[in-house]
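For reference, the chains in residue letters:
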Amino acid sequence: MNKVMDYYSTFDEWGRLDREPLEFQINWHYMQKYLPENGRVLDNGAGPGKYAMKLAEKGFQVTLTDLTPRLVNIAEDKAKELELFNQFNGFHIMDAKDLNLLKDEEFDASLMMGPMYHLQNEQDRDAAVKELYRVTKNEGVVFIAFMSRIRHTISSLLHPEAWKPNNTIDNIEEFIATGSFNHEDKGRFTGAYYFDLQEINPFMESNGFETLSLIGSSSIGSLLSKEQWDYWTDKGQVEFDRLIELLKKTATDPYTLGISSHLLYIGKKKG
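Residues numbered from 1 in each chain as written. Predicted model: local features only at pLDDT ≥ 70, side-chain atom pairs only at ≥ 80, totals over all residues. Heavy atoms only, no water.

- Under an unreviewed UniProt entry, the protein has the name UbiE/COQ5 methyltransferase family protein and belongs to Priestia megaterium.

Next comes the structure, spelled out in structure tokens:
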């Protein structure tokens with residue numbers, strides 16, 4: 001996992017969610033529908049803590065973990081800057097596959113919004129989900145982010161030179177078969193695993209969760225170019241707000257899930 005830490009030691013993940021606000025807005029919209037009214041929440045693989053800060057603002061007691069020390073430090077600084085530090089029960093450098101500092105059934109809800117992107121080995125993916133199951137209370141809700149294999153296939157076909165080695169049909173076919181992608185260009189996104197849409201619910205259910213919903217985090221808005229976004233922005237705030245509400249509504253349409261680069265699984269731990 002050294003490459004993951006190296007990448008996130010320099011990448012501006014907080015800024016990414018600011019630059020691509022639709023993903024955050026849609027995810028937060030649906031999280032609020034399923035979160036309990038109060039309690040303890042784990043943000044596992046939290047990065048700089050974008051979701052953790054919103055949870056703290058809502059009054060939850062939050063525990064934050066991430067593999068990358070720099071991101072944990074940023075999150076702690078953000079909590080102090082936003083005067084939310086007292087809402088946190090800890091900031092921990094921890095691997096999602098081994099949450100050894102956390103007790104069984106400690107959390108009323110748990111988030112894992114990044115680790116599943118990077119775990120290319122099936123045993124590692126199982127281990128991370130099993131750990132999330134262990135630390136979440138019975139009937140507790142979990143929110144887990146995945147990346148879409150078909151969307152990355154589309155991106156590779158549209159912009160092959162930006163996604164080497166997926167600039168040949170042979171390599172794209174291999175990617176479709178395995179879901180694993182390792183960027184050829186140094187400094188780009190780390191080795192990643194992209195799920196087939198049909199795998200996600202059965203994978204989570206086999207690990208003890210009841211599926212509540214599967215969300216396209218950028219909905220059909222991921223199809224819009226900058227110029228097209230500018231068009232709707234220029235229509236004025238009222239029309240733009242209606243667009244965002246439309247994209248939130250369409251985020252659960254099962255026929256368009258694969259268009260979204262990121263997906264949000266919402267499930268409940270079965271006792």
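1. Examining the pairing of strand β2 (residues 61-66)
Reasoning step 1: Across the 6 residues that make up β2, a large majority, 5, are buried.
Reasoning step 2: Where strand β1 (residues 40-44) and β2 come together, 5 bridges link them in parallel fashion. Bridging across to β2, V41 finds its partner in V62.
Reasoning step 3: Two strands pair when backbone bridges link them, and β2 and strand β3 (residues 88-93) are joined in this way by 5 bridges, in the parallel orientation. For T63, the partnering residue across the bridge sits in β3 and is G90.
Reasoning step 4: One crossover worth recording links β2 to the parallel β3 by way of helix α5 (residues 69-81), and it is right-handed. (Buried < 20%, exposed > 50% of the residue type's maximum accessible area, 1.4 Å probe, protein only. Helix = DSSP H or I, 4+ residues; strand = E, 2+ residues; numbered from the N terminus. Pairing = 2+ DSSP bridges. Right-handed = clockwise from strand over helix to strand, strands pointing away.)

2. What to know about the environment of L246
Reasoning step 1: Structurally, the position occupied by L246 is in helix α12 (residues 237-250).
Reasoning step 2: The class for L246 is partly exposed, based on a relative accessible area of 46%.
Reasoning step 3: Note: C-alpha distance between L246 and I220 (26 residues apart in sequence) is 9.6 Å.

3. Section: the pattern of salt bridges
Reasoning step 1: Applying the stated criterion to the full structure yields 13 salt bridges.
Reasoning step 2: Ionic pairing is found between E76 and K80, a salt bridge with its closest N-O pair at 4.0 Å. Separated by 4 residues within a single helix, E76 and K80 lie in helix α5, roughly one turn from each other.
Reasoning step 3: Take K80: its relative accessible area is 47%, and that puts it in the partly exposed class. (Salt bridge = Lys/Arg side-chain N within 4 Å of Asp/Glu carboxyl O.)

4. Focus on the UniProt feature "domain: Methyltransferase" (unreviewed entry) in the protein
Reasoning step 1: UniProt feature "domain: Methyltransferase" (unreviewed entry): in the numbering of this structure it lies at residues 41-140.
Reasoning step 2: Overall, residues 41-140 shows 39% helix and 27% strand. The separation of its end C-alpha atoms is 10 Å. (UniProt positions renumbered as here; feature names shortened; annotations may be inferred.)

5. Things to note about the nonpolar core
Reasoning step 1: Residues M31, L35, L55, F88, L111, M113 and F143 are the most contacted members of the largest nonpolar core, which totals 43 residues.
Reasoning step 2: With 6 residues, helix α3 (residues 21-34) is the single largest residue contributor to this core.
Reasoning step 3: If we skip the residues at most four places from it in the chain, M113 touches N27, M31, N44, Y51, F143, A145 and L264. (Core = buried A, V, L, I, M, F, W, Y, C linked by side-chain atoms within 4.5 Å. Contact = heavy atoms within 4.5 Å.)

6. A short note on the sheet that holds β3
Reasoning step 1: In space, the 7 strands of this open sheet follow the order β3-β2-β1-β4-β5-β9-β8, with mixed pairing throughout. Edge strands, defined here as strands with exactly one partner in the open sheet, are β3 and β8 (209-216). Between one strand axis and the next, the sheet turns by 15° as a mean value, whatever way the strands run.
Reasoning step 2: The strands touched by helix α4 (residues 50-57) are β1, β2, β3 and β4 (107-112); relative to β2, the strand with the most contacts, the crossing angle is about 170°. (Axes fitted to C-alpha atoms, helices over the stretch in contact; angles between N-to-C directions.)

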